[in-house]
Amino acid sequence: MYHLITEIREWLKSLRLHKYTKILLELSYEELLQLNDEVLERKNVTLGARGKILKYIGHIKERPRTIKKLGKDIEDVSKSNDSDGLVKILRDLEAIVLMPLKPYHRGGPFTTRRSSGNSVGGIIMISSSTKRSHHDSGSDSGTEQGSLPEDNEEDIPGQIFEIFKSISTEIFVKEYTNHEVVTVFACLLEKCCTREAYSPCQKQLIAGWLQKLKTLSNPPQTKKATDYKKRPNFR
């Protein structure tokens, strides 16, 4: 069983359901996803709150489908150079990032591979024949383009990481200077740097993207990504 004390607290607070934090902290990640109205009623949770909690647990279960849609949205934004569309994607991504997230453990030891290819503007361009796993994806440069790995609905951290990688490519290749895009993305990356669900390799790449964003702008740090206007400067 896997417990996510900090993540559940932050998630419920973002949904304004923090009153029920103590109740949900009694559950493992697996038990949380199996929660139903009958169990919540026995715990004296009000009817309205039960509906909201079960609704947002449903969103957790729908993450693979939501993430896949975001991937398609990023492709559309890339074709149209729509910075406002990218801001919307980042705000939708924030809700996913704040959800409780369990690490994905692949069978066998964790290994990383150095990717090969031609570098364009600091971005590694991978040939279409290159195949990489979600969990191990990335390179020393931090962003790359090429064929995506086969879908694995259980590897949620890997799926989110692929979205981060696509957004990083979009921002760095096109040298986005839109303050909201850079700032919101920086705050999402910062949040994930502390999440246990991401592998050391993924965290290293995420930290690298965060550092590189400083060369585009001066994105501040804050707990809530979309509250970008209130953030102090990077230290």
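Residues numbered from 1 in each chain as written. Predicted model: local features only at pLDDT ≥ 70, side-chain atom pairs only at ≥ 80, totals over all residues. Heavy atoms only, no water.

*Asks:* I'm lost on the overall build of the protein chain in this one. Help?
*Replies:* Across its full length, the protein chain carries 10 helices and 3 strands. Taken from the N to the C terminus, the helices and strands of the protein chain come in the order α-α-α-α-α-α-α-β-β-β-α-α-α. Counting only contacts in the protein chain whose residues sit at least 6 apart along the sequence, the fraction spanning at least 24 positions is 66%. Surface summary for the protein chain: the accessible area is close to 12800 Å², and the carbon and sulfur share equals 49%. (Helix = DSSP H or I, 4+ residues; strand = E, 2+ residues; numbered from the N terminus. Contact = heavy atoms within 4.5 Å. Areas by Shrake-Rupley, 256 points an atom, 1.4 Å probe, with all protein chains shown as cover.)

*Asks:* Quick question: what am I supposed to make of the packing of helix 9 (residues 179-192) against helix 10 (residues 200-213) here?
*Replies:* The description of two helices packed together rests on the angle between their axes and the distance between the axes. Running from N to C, helix 9 and helix 10 cross one another at 150°; their axes reach a closest spacing of 9 Å. One element, helix 9, and the other, helix 10, form an angle in the roughly antiparallel class. In terms of crossing hand, the pair formed by helix 9 and helix 10 is left-handed. Listed contacts from helix 10 to Val-182, Phe-185, Ala-186, Leu-189, Glu-190 and Cys-192 of helix 9 are Lys-203, Ile-206, Trp-209, Leu-210 and Leu-213. (Axes fitted to C-alpha atoms, helices over the stretch in contact; angles between N-to-C directions. Parallel < 35°, antiparallel > 145°, perpendicular 65-115°, else oblique. Left-handed = near helix turned anticlockwise from the far one by under 90°.)

*Asks:* Is there a simple way to explain the confidence of the model for the protein chain in this structure?
*Replies:* In low-pLDDT segments, the atomic positions of the prediction should not be examined closely. Confidence along the protein chain averages 78 in pLDDT terms, with 71% of residues attaining 70 or more. Between residues 108-141, whose pLDDT stays under 50, and residues either more than four places distant or in other chains, the model counts 80 contacts. (pLDDT = per-residue confidence, 0-100.)

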